[in-house]
Amino acid sequence: MIGLIDYDGKIPNLALMKISTYYKAQGEHVEFVKPGRKYDKVYCSVLFSWNREKAARLQVIYPDIEFGGTGYDISKTLPPEIEACQPDYDLYTVDDILPRIRGGIATRDSKIRKAEEIINAGIGFTSRGCIRRCDFCVVPRKEGHLHHVAEIRDLLNPRSNVLILLDNNITADPNVIEKLNEIRDLGLVVDITQGIDVRLMTPEIAKALSEIKLLRSLHYAWDLMEFEDQVMRGIKILAQFVPVWKHMCFMLTGFNTTFKEDMYRFRQLTEMGVDPYIMPYNKQFKSERQRHFTRWVNSRIYKVCDFEEYEPWVRAQAMELQVTMI
C-alpha cells in the first residue's frame, strides 16, 4: 500500500497524482496517509521551504518516507517512468480540497462547488523553466531555461473544460499566441496559476488573452523597483484589451525593497485601478509593519481606511512605544 502526503499544497499536486497513476498501474492501493495505517512506501511533497523542517519530522513515523517538492529539494525530480504518467484525476476528492478553501464570505455550498471545479479540472505544464534569472526565484535553478514539454490537449481532464495551467512564464513562450488561441478554440476555462510576465506584453498577446475565459483574475508581478517602466508599459497595453478590474498584481516584499518603495508600488497600482496582492519573501521574518501592511492590502482593508489609520497597526505602534518607555 502506497501513502501520499500533500504537505502544504493549495491545489492538487501534479507529482503526487503521477505517482498515484504509476503505482495503481502496478496493482498497488494508493491513498493519502491515514494515521495508524502501515504503508509499504510513503511519498511527501513539500512546496514551501519554511515547512521543510516541520515536514522532516514525519520521518519519525515513517522511517522510509521519500520527500520531494520545491520546498524540500529543488534538485529532486520524478523518475522518467513516473514523469511520463498522466495524472490520476481520481486521487483528490472534494473533502481533500475543501479545507484549503479558507477565508472569505462565500457559503459552504459555493466552496463545495469550487472544490468540485478544482478536482475536475485538467492540470499540468506545456512548458517548464523561465527566461528570467531572478535571485529570489528557484525556477531557473530547478527547471532551467524555458522549454516545451506538452501540448494543451495533453493536459485536459474529460470531466470538465477547466484547465489549471502551471507554466512558469507562458508569456515568454514563442508559441504563446498559438496556445492561447487553442485554449479559446477548445472553449476552455483556464487558471494561469503562475501568472504572466507583464513586461513581455504586446498588443497581440493582450488580444489573445482577452479572448480566453479565465477562472480567476489575470495576474502578474511587480517584484523589483528597477522594472517599474516595463511593468507600467505592460499593464497599459494589457488594459487596452483586458479591463483593469480583471487584473491582480503580486508585489514581492521583504526581499530588497524598502517599506517606502512597497507603499509606492501599492499606490501606483491602485491609482491605475489594479488590485495589488502582497507576497512576503520570507514569511518567517516579516517585520511587524510588514505583517500589518500585508493584511491591510490582501484583505482589501485599504479600500476603507489609510494604513496609518488601520487600527491593528495603530495599536501595535502604541504597544511598541509603551515597551520603549518602560
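The rules behind these values
Residues numbered from 1 in each chain as written. Predicted model: local features only at pLDDT ≥ 70, side-chain atom pairs only at ≥ 80, totals over all residues. Heavy atoms only, no water. Buried < 20%, exposed > 50% of the residue type's maximum accessible area, 1.4 Å probe, protein only. Helix = DSSP H or I, 4+ residues; strand = E, 2+ residues; numbered from the N terminus. Pairing = 2+ DSSP bridges. Right-handed = clockwise from strand over helix to strand, strands pointing away. Expected span 1.5 Å × (residues − 1). Contact = heavy atoms within 4.5 Å. Polar contact = N/O pair within 3.5 Å; in protein donor to acceptor, adjacent residues only side chain to side chain. Core = buried A, V, L, I, M, F, W, Y, C linked by side-chain atoms within 4.5 Å. Axes fitted to C-alpha atoms, helices over the stretch in contact; angles between N-to-C directions. Parallel < 35°, antiparallel > 145°, perpendicular 65-115°, else oblique. Left-handed = near helix turned anticlockwise from the far one by under 90°. Nonpolar A, V, L, I, M, F, W, Y, C, P; charged D, E, K, R; others polar.

In terms of residue burial, strand 12 (residues 247–253) counts as a mostly covered element, since seven of its seven residues are buried. Burial along strand 12 is two-sided: the residues H247, C249, M251 and T253 and M248, F250 and L252 are all buried. As defined by bridge partners, strand 11 (residues 218–221) adjoins strand 12 across four bridges and the pair is classed as parallel. Residue pairing across strands places L218 opposite H247, the latter belonging to strand 12. Since strand 11 and strand 12 lie parallel, the crossover through helix 9 (residues 228–239) that links them has a hand, and here it is right-handed. Across six bridges, the pairing between strand 12 and strand 13 (residues 275–280) is parallel. Within strand 13, the position partnered with C249 by the bridge is P276. Once the chain exits strand 12 it traverses helix 10 (residues 259–271) before rejoining the sheet at strand 13, and the crossover so formed is right-handed.

Here the focus is the sheet that holds strand 5 (residues 122–124). A sheet is described by the order of its strands in space; here four strands give the open sequence 5-8-9-10, paired in parallel fashion. Unpaired on one side and paired on the other, strand 5 and strand 10 (213–214) mark the two borders of the sheet. Judged from the four bridges that link them, strand 8 (residues 162–165) and strand 9 (residues 189–192) form a sheet pairing that is parallel. In the sheet register, L165 faces strand 9, and the bridge partner there is I192.

A few words on the pairing of strand 8. Two faces, one strand: in a regular strand the side chains alternate between the faces of the sheet. A two-sided burial pattern is seen for strand 8, the buried positions comprising V162 and I164 on one face and L163 and L165 on the other. Following the chain from strand 8 across helix 7 (residues 176–185) to the adjacent parallel strand 9, one finds a crossover that is right-handed.

This part covers helix 1 (residues 14–25). For helix 1, with twelve residues, the first-to-last C-alpha span of 17 Å sits near the 16 Å given by 1.5 Å per residue. Tucked into the core, helix 1 has its buried residues touching strand 1 (2–6), strand 2 (30–32), strand 3 (41–45), helix 3 (80–83) and strand 5. Between the side-chain oxygen of the N-cap and the backbone nitrogen of A15 there are 3.1 Å, and the N-cap of helix 1 in question is N13. In the stretch just after helix 1, G27 is the one whose phi turns positive, near 85°.

Further remarks concern the nonpolar core. In this structure, L209, L238, F293 and W296 are the most contacted members of the largest nonpolar core, which totals 51 residues. The element that contributes the greatest number of residues to this core is helix 9, accounting for five residues. Setting aside its immediate chain neighbours within four residues, L209 contacts L180, I192, I196, M201, L218, L238 and V242. Among the nonpolar cores identified, the runner-up in size contains 28 residues, and L98, I101, I164 and V189 belong to it.

Take the packing of helix 7 against helix 8 (residues 203–210) next. When two helices pack together, their arrangement is given by the angle between the helix axes and the distance between those axes. The geometry of helix 7 relative to helix 8 is characterised by a closest axis approach of 9 Å and an angle of 15° between their N-to-C directions. As summarised for this structure, helix 7 and helix 8 are arranged roughly parallel, according to the angle between their axes. Relative to helix 8, helix 7 is oriented so that their crossing is left-handed. Residues V176, I177, L180 and N181 of helix 7 form the contact with helix 8, whose own contacting residues are E204, I205, A208 and L209. Split into classes, the residues belonging to the contact of helix 7 with helix 8 amount to six nonpolar, one polar and one charged.

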